[in-house]
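Coordinate analysis (summary)
The lines below spell out each chain.
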Amino acid sequence: MISFLGIALLTAALSGPALAFVPIGGGVPSHVTITGKALLQKVNEACKAVAEANGHEFQPTGASPEELVQACLGPSATGQVSGAKFHTALQEIYTQNGLVDRDFINSPPHHFNNEAFNEGRSLITEGLVAIKANVRKENYKAARETLGRVLHTLQDFYSHSNWVELGYLEPYVNLIRPDLPLENLADINTATCVDCRTGSCINSILPNIVLEKKLTSGYMGIFSPTKPTGKCSHGGTADLTSTTIPKSSLNKDEPGKGILHNRAVDIATAASLQLLEDIRLAAGDNDFLRMMGIARSSVVCFVIDTTGSMADDINEARAVVYEIIDSKKGTQDEPSQYILVPFNDPGFGPMIRTTDSEKMKAEISKLRATGGDDPPEMCLSGLQLALTGSPSSSHIYVFTDATAKDIALKDTIVALIRSTKSTVSFFMTGGGGRRRRSAMAGSFNDYKDLALASGGQAIQVSKNNLPQATDVILDTSTSALVTVLQRARTTGKTETFPFVLDGSLKNVTLYITGSSLSFTLTNPSGVTQNQKPGSGKLATVQTVGNLWRVTLNPDKEAGEWNIKIVTSAPYTIKVTGQSTITFIYDFVEMFDGPHPGFAVVSGRPQAGMPANLMLSVMGRKGPTSLTIGEIGLVLVSGPENITESKMTDFGNGDFLVMVDQVPRGEFLIVLKGTDKVSNSKFQRQSTTQMSVSKVNIQTTVDSSMEPGQNLKIPFSVMTRGSADSYTINIKNDRSFKMTYPSKLALTPGEYANSTLIISSPEDTQSGTDVTVTIEARSPSGADSNYAVLRLSVMTKITDFIRPQCNLVSVHADDCPKDVTQCKDFRWQLSANLTDGNGTGIDSLYLHQGSGVFTHSLLNATIVQANYNASCCSQVVEFIATDQVGNVGKCYHSIAYSGGPPALTLSLPLWLCLLVSAFALRP
């Protein structure tokens, strides 16, 4: 199974062994297409439900994800909105789905091979519990990664077992229902397959197995041809058991199995829908959509120093939050989430996350400046918490007047910045020349390094001028923010930077940080303006501290602009704007095996090797509204030259970019092309700096942590540099206890294996996530690399029973049989809900119906629910979830079918339907 992007990758890059659900050739079913089809359907359903609940229709103007997101967020919020986060969420799920074929190639439960049915079902049900717990804790990235892996295993059941051969046309709901047993499994001594000596068997199942409805799956031998007597083989050239009698091939990965393959695809798609519906009902539509990255793009995160000298800074941060809330409310620029992380000395945190603007106002109003007599503070610890708790590609704003006491975290912060692609800006009001209190403390230059690495700003101002500097936050806490140009110079000279502005760009702003500089801005018609503050022919220029903020006039001209900078000092320049024309990317590497594909590189790409880049482009009307001209790499501190690359266009805006010679130093991704809507050239850049390394780290994890228990995480380190003893440094953002070797002896080209042991306190709440950063560094410190893992802490689940619903009464006798006369009549329903001996009902909400829904306190043994609606609204459905995410569904209709109402007072208590409409048990 290919682990990323489109199916066309197969014809371009892969050959040889068969791929799971991916035969050679474009336009055929795969794990990606099955997963994508199911996800898009559920997203559409959730969007439609949210739109109707908010009183408007869900009407996308086109089929592109960008237009779907715009329609989903609704017409009431004005302004541009980007589909980048939705694309990113989809790719994270696809990537983790595909990595099951690399990281768990020889694990039967992950693929339902070797008749490992109970073990495979456990992976699915435990994963479902983890996903629901992560969503409740707003750990959406962890939820998406687990979802990708769980969907792969679920989908493989229908391709690798004989479910289809047994004649079933619907999903096996028991796979996602741990309260239902797996039935009629073939035991180890039962022969299941006939010998296929011709080498081609469409159906090799023994007739008695089909007659008795025995469930079996093929055995897969990666390293050995042995299998139990009489058992089926998985099949394929990589399966060594295929040469062992009975020779057979049970997998339906390829179209060569004809109708069996097609049915496996159809049922796997329906099963994926079934699982996603269970998650959607447990989460609710709004949180399900947030998990899928469908929200206004802006996430505002503040990391604030609360030591004694910070009173003025805290007041300014508070004023900025209030202005953001008040000025952007009701627009697409209204933040989708607010995050606050205070830090002091020696404490930091807690992290506060909320979608409620009033709650954020209340939380930031509580901040007080106290303590912290010695200047260095725990700034990087607070920033680490923000980076691991914020969504990817967030904008994080740090307020401090002191250097960092915890400077040892600097490399970890860089790793997290590169992993999350988040942008960090610092507002520094202290004296940059202040002497360090300790050799272990950092300097303000460290903050500048981190800002540059992330594509953010390092603004150094006096406390009196801080209010002027915070306009940057109002600029960047917006939807659909893109970077047009970004450069840095460690030494100054006269230099001219060209950049292209297209017709889609709005609110274009230039940021220049430095001192003793002058500049001249020139538009495509040759009109110029210098650095003099105030309003001019081209822009409004403001200065504060070391920052120049240049806001172009709204009637800016499209085309190539230039800015000429004259200085002898270091400086940075960045050009941003708002546009839905953007891109997402990942560096990838190909992996071999029975199901080869591409995996996202964790850490920096390998030095001395070609770099492969997967890139997805988004336009105003989808990718078809763009023409792509050039994709490449450019040095942040080097010339404007873009490295040569080879592009493979897979359609739908997806590209594989191969760069033979990766530039030495920190580089960015550059994309150039034409916007067909405005018929103008466009230019975009990534913001996060990247570089190559001779060190490589491989690690993976597929199980949750149990509170109070040890979790072992294997990892391997390799170098293409010199043989030596490399330093291993591992950190996590929860201060969980860890043991690992501090050194590893490396031989060039060979992986050295080791293990991290991590444990969480016994009182850790279920659903808590922890981010682990593994770093390997050469003895000289000149080269290093990292890997970032996200783990979930999950309490062992024993409650698998769904909430029960009993109908008490329905009063619908007044409803007229002629529905056109329904306007002046109402009906009522009451029901009792219980969770038996389970964990208790945690949430209860109306899923269908436009009436008034009320219920008693959820902590009661029996929860009473009442519904009152117009007779024009004839269907009601409400959803109950318990504290571990088990879902109960209550549905009732008063629709007439030529007779009496569906239920009346004379009927006995009604046990409502507890499974999804998709969940038809065979």
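In case you missed it, the structure is sitting above this.
This structure is a prediction, so every number in the text was calculated from the model and none was measured.

So, the overall build of the chain
- Regarding its fold elements, the chain presents 17 helices and 40 strands.
- Projected onto its principal axes, the C-alpha positions of the chain cover 85 × 75 × 55 Å.
- When the 922 residues of the chain are sorted by exposure, 59% land in the buried category.
- In the chain, once contacts between residues fewer than 6 apart in sequence are set aside, the share between residues at least 24 apart is 72%.
- With the model as given, the accessible surface of the chain reaches about 35,400 Å², and the carbon-plus-sulfur share is 51%.
- Separation between the mean location of the 78 positive side-chain charges and that of the 86 negative ones in the chain comes to 3 Å.

Side note on the sheet that holds strand S2 (residues 337–343)
- The six strands are arranged S3-S2-S1-S4-S5-S6 in an open sheet whose pairing can be described as mixed. On the outer flanks of this sheet lie strand S3 (352–354) and strand S6 (458–460), each paired with one strand and no other. With direction set aside, neighbouring strand axes in the sheet form an average angle of 15°.
- Here five bridges tie strand S1 (residues 299–305) to strand S4 (residues 395–400), and the two strands are oriented parallel to one another. Within S4, the residue paired with Cys-301 across the bridge is Ile-396.
- Sitting on the sheet, helix H15 (residues 444–454) is in contact with S4, strand S5 (423–428) and S6, with an inclination near 150° to S5.

Side note on the sheet that holds strand S8 (residues 495–501)
- Across the sheet, four strands lie side by side as S8-S15-S10-S11; this open sheet has antiparallel pairing. Each edge of the open sheet carries a strand with a single partner, namely S8 and strand S11 (528–530). Strand-to-strand, the axes of this sheet are offset by a mean angle of 20°, without reference to chain direction.
- As paired strands, S8 and strand S15 (residues 559–567) are joined by seven bridges and run antiparallel to one another. Looking at S15, one finds that Phe-499 is bridged to Trp-561.

Quick notes on the state of the cysteines
- On inspection of all chains with the given rule, the structure shows five disulfides.
- At a sulfur-sulfur separation of 2.0 Å, the disulfide partner of Cys-193 is Cys-232. With the S-S dihedral at roughly 95°, the linkage between Cys-193 and Cys-232 falls on the right-handed side. Of this pair, Cys-193 sits in the loop between helix H7 (140–160) and helix H8 (207–211) while Cys-232 sits in the loop between H8 and helix H9 (259–283), and the two are 39 residues apart along the sequence. As far as the burial class goes, Cys-193 and Cys-232 line up, both buried.
- The disulfide partner of Cys-822 is Cys-872, and the S-S distance across this bridge is 1.9 Å. Taking the torsion about the S-S bond as the criterion, the Cys-822 to Cys-872 disulfide, at about 100°, is right-handed. Separated by 50 residues along the polypeptide, Cys-822 in the loop between strand S33 (804–811) and strand S34 (826–834) and Cys-872 in the loop between strand S37 (863–870) and strand S38 (875–882) bring together distant segments of the chain.
- On the accessibility criterion, Cys-822 (8% relative accessible area) is buried.
- You can see Cys-301 has no disulfide; the closest cysteine sulfur is in Cys-379, sitting 12 Å from it.

Side note on the pattern of salt bridges
- Following the criterion strictly, the structure yields 40 salt bridges and no others.
- Close ionic contact of Lys-329 with Glu-334 constitutes a salt bridge, the shortest N to O distance being 3.9 Å.
- Ionic pairing is found between Asp-401 and Lys-463, a salt bridge with its closest N-O pair at 3.3 Å. One end of the pair, Asp-401, is in the loop between S4 and helix H14 (410–420); the other, Lys-463, is in the loop between S6 and helix H16 (466–469), with 62 residues separating them in the sequence.

Comments concerning the side chain of Asp-835
- As for its placement among the helices and strands, Asp-835 is situated in the loop between S34 and strand S35 (841–848).
- Although Asp-835 is buried, it makes no salt bridge; Arg-802 carries the closest opposite charge, 9.6 Å away.
- A polar side-chain atom of Asp-835 sits 2.8 Å from the main-chain amide nitrogen of Gly-840.
- Once residues within four sequence positions are removed from consideration, Asp-835 is found in contact with Asp-799, Ile-801, Arg-802, Pro-803, Gly-840, Ile-841 and Asp-882.

With respect to the packing of aromatic side chains
- This model, assessed by the stated rule, comprises 21 aromatic pairs.
- Taking the centre distance of 6.1 Å and the plane angle of 45° together, the rings of Phe-583 and Tyr-585 count as tilted.
- The exposure class assigned to Phe-583 is buried, which follows from its relative accessible area of 8%.
- Joined through ring pairs, the aromatic side chains of Phe-112, Phe-117, Phe-157, Tyr-158, Trp-163, Tyr-168 and Tyr-172 make up one cluster.
- Here the basic side chain of Lys-213 rests over the ring of Tyr-168, its NZ or CZ set 4.9 Å away from the ring centre.
- Between Lys-421 and the ring centre of Tyr-585, over which it is positioned, the NZ or CZ distance is 4.8 Å.

Quick look at the environment of Asn-710
- Secondary-structure assignment places Asn-710 in strand S26 (residues 710–719).
- Asn-710 sits in the exposed class, given a relative accessible area of 58%.
- Residues within four places of Asn-710 in sequence aside, it is in contact with Ile-757, Ile-758 and Ser-759.

Here's the deal with the environment of Val-320
- Looking at where Val-320 falls in the secondary structure, it is placed in helix H11 (residues 311–328).
- Assessed through its relative accessible area of 3%, Val-320 is described here as buried.
- With 288 residues separating them in the primary sequence, Val-320 and Val-32 have C-alpha atoms 42 Å apart.
- Aside from chain neighbours lying at most four places away, what touches Val-320 is Phe-302, Thr-470 and Ile-473.

Quick look at the packing of H7 against H9
- Contact geometry of H7 with H9 gives a least axis separation of 9 Å together with a crossing angle of 145°. As for how H7 packs across H9, the hand of that crossing is right-handed. Taken together, the residues of H9 that come into contact with H7 (itself represented by Leu-147, Val-150, Leu-151, Leu-154, Gln-155, Tyr-158 and Ser-159) are Ala-264, Ile-267, Ala-268, Ala-271, Ser-272, Leu-275, Leu-276 and Ile-279.
- Partitioned by chemical class, the residues of the contact of H7 with H9 number 12 nonpolar, three polar and no charged.

Cut-offs used in this document
Residues numbered from 1 in each chain as written. Predicted model: local features only at pLDDT ≥ 70, side-chain atom pairs only at ≥ 80, totals over all residues. Heavy atoms only, no water. Helix = DSSP H or I, 4+ residues; strand = E, 2+ residues; numbered from the N terminus. Buried < 20%, exposed > 50% of the residue type's maximum accessible area, 1.4 Å probe, protein only. Contact = heavy atoms within 4.5 Å. Areas by Shrake-Rupley, 256 points an atom, 1.4 Å probe, with all protein chains shown as cover. Lys, Arg positive; Asp, Glu negative; His and termini not counted. Charge placed at Lys NZ, Arg CZ, Asp CG, Glu CD. Pairing = 2+ DSSP bridges. Axes fitted to C-alpha atoms, helices over the stretch in contact; angles between N-to-C directions. Disulfide = S-S within 2.5 Å. Salt bridge = Lys/Arg side-chain N within 4 Å of Asp/Glu carboxyl O. Polar contact = N/O pair within 3.5 Å; in protein donor to acceptor, adjacent residues only side chain to side chain. Phe/Tyr/Trp six-rings, centres within 6.5 Å; stacked < 30°, edge-to-face > 60°. Lys NZ or Arg CZ within 6 Å of the ring centre and 35° of its normal. Left-handed = near helix turned anticlockwise from the far one by under 90°. Nonpolar A, V, L, I, M, F, W, Y, C, P; charged D, E, K, R; others polar.

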